[in-house]
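Remarks on the overall topology
The primary structure of each chain is shown beneath.
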Amino acid sequence: MKIYQVTVKDIRRRRRRALYTALGVAIGIAAFIAVLTIARAGEERIYREMDKYGPNLMVMPAIHDVDLQLGDLTLGTLAVGDNYIAEDKLLEIRQITDGAIREALGIAGDEDIATIAPKLYITTAVKGTAVMVVGFEPEQERLIKSWWTISDGRYPEQQDEAILGARASAALDVDLGDNISIKEQEVTVVGILDETGSNDDYQVFVPLATVQRAFEKEGLISSADIRALCSSCPVESIADLVNDAIPGVRAVAVKQIAQTEMNLMAKVNRFMLALAGITLVVGSFGVVNTMMSSVHQRVKDIGIMKAVGASRLQIVTMFLYEALVVGLMGGILGYIAGTFLSYVIGPLIYEDLAVSYVLQYFLPALALAILVAVMASVYPAFRASKVSVADSLRSL
Amino acid sequence: MLEVRSVSKTYGEGAARVVALNNISLRVDDGDFVVITGPSGSGKSTLLNVIGGLERVSSGEVILDGVRIDNLKENDLVHIRRRKVAYVFQQYHLLPSLTALENVLLPLTFCGLKKDDVRKATELLQKVGLEKRAEHKPNELSGGEQQRVAIARALVNRCSLILADEPTGNVDQETGEGILKLFQKMNEDGHTIIMVTHNLDIAKHAKRIVALRDGGIVDEVSQGDQGL
């Protein structure tokens, strides 16, 4: 027989009492898990919202407006610089962006991470109407504009296929399967976009290479949208890096509207975490309390064990084993209760919040519960070890 | 060999001061069977506790096998309880959550002696006639059975000195005689026994009787004498 078995048998006999003690831990843990689970669900929702706002970064040609002055006379401004970026600069931009993301996330590898969607904007006449023709990479664009849906047809797969914004389709009176000519290039309309409420509605999207060839802009693009894979990636510093490293290019971090919402949520979460912390502290006092009364109840047992040769250390060990069991039970109960709680109160705190349980919180919850239970048991265990054999046995 | 030299024990202070033991000296040789008897409050249980190191003396010395144990630290007393002195209590004092067998195993558990522990404990339960009750918890055993479990527990560590405080105090006379026979058997096997009782019938089984009154020894009789 081992010492821990003596403890386990004792706990089994006093199951209800152990459960009560565990509940003290569980309440605190549950509060923590609930807050963390809700906070995570809230964050995920904001990240999803952020995704809707599109790219994290835009890369454009660096154009300087120079004021033309003659003495006191202002003659107007002159735009200096190219209207296009050389396509091969995208490679450098990718290296910088992916490098920064890898550093931020602490990962290795050399596969592409960021999505880069280059575009070439040309205004031209299609069927006698001036429209914006956008040369684009269908696959990349689709990743960046995740809200795009094709109401009719499909994405372009061939170089001579195009998709149209809903408004453009109506204005040009072009339908699925029609051919239109972009300058001298014939393309077939294979898809119509749903309305997005943005400029996209008025544009004609044709594969980049086709547009470049048609307008003799081979190797040139107007801009590129970049989306880092991660919502927490350092877009501002990536923009700075790109601006410093590549001349003739201006990278801009797209300010996220959701950032304010994120800040607000962080505040609410801090408040709730503080509450959860207080709950945990109060809970651990409860554990101290029940462990102390457990010591009092078992004064006789402790006396017996000491009389048959238990050392003080062994008595302390037995109580810490008990704390371990209590912590384990409290952790499991707390995790389950906290998750359940988050499903109930999450939607009350953030409207329509889709809460989902977070399995990664289970082990930390268990560890925290055990830590609290053990910490709360140290003093009672110490007291237990000081029980005098003669006194404990006489008192009965 | 156990020697008690001029031991006094007082409880409380001032007006509430109670003298439990008053300058007692006693010598118990190995293999002896001593019964300490006397009326309630005569200090016999206190004497037993002092001998076993369960209670501190106020003055005097307790020497067990040539070593002073009255001033030992808690950690050294643990060693004494594991190797030298075992107890049998009036109230049996078994752990309610453990079976009879596990209660017997308990001292070995604390010693860290795990080799053959179950076999040793089972043999001892056989010796006290309880092998069939090994898996029963104390609340499923009669008083006499519980006391026999406690005796088996006292024997498992092979301590030479067994201290018993009214071991038959809670059982009927017939059961008490059975338990007393066990003590006699233990004594024949070489254990030194010091037993506290106020029952003079039991006292007659001992090799030596020490009578206490008001914390002092009033009479000492060896077996065969007709003094009591």
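Above this text sits the structure in question.
Residues numbered from 1 in each chain as written. Chains lettered and ligands numbered in written order. Predicted model: local features only at pLDDT ≥ 70, side-chain atom pairs only at ≥ 80, totals over all residues.

What follows covers the environment of A:T317. Position of A:T317 among the secondary structure elements: in helix α10 (residues 312-349). Between the alpha carbons of A:T317 and A:S385 there is a distance of 9.4 Å; along the sequence they are 68 residues apart. (Helix = DSSP H or I, 4+ residues; strand = E, 2+ residues; numbered from the N terminus.)

What holds strands together in a sheet is hydrogen bonding between their backbones, with the strands either parallel or antiparallel. All names here are of chain B. The sheet built from four strands is open, its strands ordered β2-β1-β4-β5 with antiparallel pairing. Strands with a single pairing partner mark the edges of an open sheet, and in this sheet they are β2 (18-28) and β5 (67-68). Direction of pairing for strand β1 (residues 2-11) relative to β2: antiparallel, over a ladder of seven bridges. Each residue of the ladder has a partner; that of L2, found in β2, is V28. (Pairing = 2+ DSSP bridges.)

Taken as a whole, helix α1 (residues 3-13) of chain A has its buried residues at A:V6, A:T7, A:D10 and A:I11. All buried residues of α1(A) project into a common sector of 135° when viewed along the axis, lining one side. (Buried ≥ 20, exposed ≤ 12 C-beta atoms within 10 Å, placed from the backbone. Arc of directions from axis to C-beta.)

Attention shifts here to the nonpolar core. Within the largest apolar cluster, 125 residues are counted, with the highest numbers of intra-cluster contacts made by A:I29, B:V104 and B:I162. Beyond its immediate sequence surroundings of up to four residues, B:I162 is in contact with B:A86, B:V88, B:A154, B:M186, B:H191 and B:I193. Residues A:I93, A:L193, A:I221 and A:A224 belong to the second largest nonpolar core, which totals 42 residues. (Core = buried A, V, L, I, M, F, W, Y, C linked by C-beta atoms within 7 Å. Contact = placed C-beta atoms within 7 Å.)

Right, let's get into the pairing of strand β13 (residues 223-227) of chain A. Residues and elements named next belong to chain A. Of all five residues making up β13, four are buried, and the element is well covered by its neighbours. By the bridge criterion, three bridges tie strand β1 (residues 57-61) to β13 in an arrangement that is antiparallel. The residue bridging M58 from the neighbouring strand is D225, located in β13. As defined by bridge partners, strand β5 (residues 115-126) adjoins β13 across five bridges and the pair is classed as antiparallel. Counterpart to I116 in the pairing with β13 is I226.

It is worth spelling out the interface of chain A and chain B at this point. Many analyses report the size of an interface as the accessible area lost when the parts associate. Every contact between the two is made by 21 residues of chain A and, on the other side, 26 residues of chain B. The set of elements that each furnish at least two residues to the side of chain A that touches chain B consists of α1, α9 (299-307), α10 and α12 (389-394) of chain A. With six residues, α1(A) is the single largest residue contributor to the side of chain A that touches chain B. Taken together, the residues of the side of chain A that touches chain B break down into eleven nonpolar, three polar and seven charged. (Nonpolar A, V, L, I, M, F, W, Y, C, P; charged D, E, K, R; others polar.)

All names here are of chain B. Contact pair helix α3 (residues 100-111) / helix α4 (residues 117-127): the axes reach a minimum separation of 9 Å and the direction vectors enclose 120°. Between α3 and α4, the interaxial angle falls into the category oblique. α4 is crossed by α3, and the crossing has right-handed handedness. Where α3 abuts α4, its residues A100, L101, V104, L105 and L108 lie against D117, V118, A121, T122, L124 and L125. Looking at side-chain class alone, the contact of α3 with α4 contains nine nonpolar, one polar and one charged residues. (Axes fitted to C-alpha atoms, helices over the stretch in contact; angles between N-to-C directions. Parallel < 35°, antiparallel > 145°, perpendicular 65-115°, else oblique. Left-handed = near helix turned anticlockwise from the far one by under 90°.)

The description of two packed helices rests on the angle between their axes and on the distance between the axes. All names here are of chain B. Two numbers describe how helix α5 (residues 143-155) lies on helix α6 (residues 173-188): the axes approach to 10 Å, and their chain directions differ by 10°. Comparing their axes, α6 and α5 come out roughly parallel. Contact residues: G144, Q147, R148, I151 and L155 in α5; T175, G178, I179, L182 and M186 in α6.

The quantities given are spatial measurements derived from coordinates; they are silent on function.
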